[in-house]
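Observations on the three-dimensional arrangement
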Amino acid sequence: MILVADASALIALATCDSLILLDALFGEVVVPQAVYLEVAQPDKPQGVRLEHYLQNKVRSVDMSGFVYLDAYADLGETQAMLLYKAMNADLLLIDDQRGRKVAKINRINTVGSLGVLLQAKNKGLISAVAPLLAQIAASPVFISASLIQTVLELAGEPGQMH
C-alpha cells in the first residue's frame, strides 16, 4: 500500500511520536519534495524529527500532471495530489479540511492523522488514542474539541481527556 503524505498531518503525528505507525499500517510512505522542504527544517515544529523520518521517502513530482485545485492550495498540497495520481497511491495523508474536499473532487482517497491513530488502535499497535490526542492538543497543532471528542468515542475512550 502506498501512502502519500502532506505536511500538517505529518507534523501532528510527529508531535505525538507516532510517525512509525505510518510504516506499520501502510508499508510505503512517500512525500513530494515541496512537503519535505516545508517540514524538514530545524526551526519548524518537529522539523528535525521529520527530516530524519523522511529520509529515503522524498520523491520528485512531475508538475505537468493534472489535478483540480482551488485558490488556496499550496505547493506541498498540489505536489502531494500530483504524486498520488502519478504513483497510483492508495491514500493521501492530509488533515486540512479544505484540502480533503479538493482531494475528494480529484477522486483521491484520504486519511487524517487522527484516522491513523484510530487504525493503529484497531490493529493493536497502540493501546489508547487519548494520551496521543492530549499531546497533539497541547501543541500548536489545532484540533477542534468536537473532533477530539468524536475520535475518543470512536476509539471507545469517551471522557478520557480533560
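As a starting point, this report considers the structure included with it. Every value quoted in this text rests on a predicted model; they were computed, and no experiment measured them.

Digging into the overall build of the chain
Broken down by element type, the chain carries nine helices and five strands. Reading the secondary structure of the chain in the N-to-C direction produces β-α-α-β-α-α-β-α-β-α-β-α-α-α. Against the 2.2 N^0.38 benchmark of 15 Å for 162 residues, the chain shows a C-alpha radius of gyration of 15 Å, consistent with a compact globule. With the C-alpha coordinates of the chain rotated into their principal frame, the extents come out at 50 × 35 × 30 Å. Counting across all 162 residues of the chain, residues that qualify as buried make up 47%.

Observations concerning helix H5 (residues 75-87)
For H5, built from 13 residues, the straight-helix expectation of 18 Å at 1.5 Å per residue is met to within 8% by its first-to-last C-alpha distance of 18 Å. Looking only at H5, the buried set comprises Gly76, Glu77, Thr78, Gln79, Ala80, Met81, Leu82, Leu83 and Tyr84. Taking the backbone nitrogen of Gly76 as reference, a side-chain oxygen 3.2 Å away marks Asp74 as the first, capping residue of H5. Looking one or two residues past H5, Asn88 carries a phi angle of roughly 50 degrees, positive in sign.

The rules behind each value
Residues numbered from 1 in each chain as written. Predicted model: local features only at pLDDT ≥ 70, side-chain atom pairs only at ≥ 80, totals over all residues. Heavy atoms only, no water. Helix = DSSP H or I, 4+ residues; strand = E, 2+ residues; numbered from the N terminus. Rg over C-alpha atoms; globule rule 2.2 N^0.38 Å. Buried < 20%, exposed > 50% of the residue type's maximum accessible area, 1.4 Å probe, protein only. Expected span 1.5 Å × (residues − 1). Polar contact = N/O pair within 3.5 Å; in protein donor to acceptor, adjacent residues only side chain to side chain.

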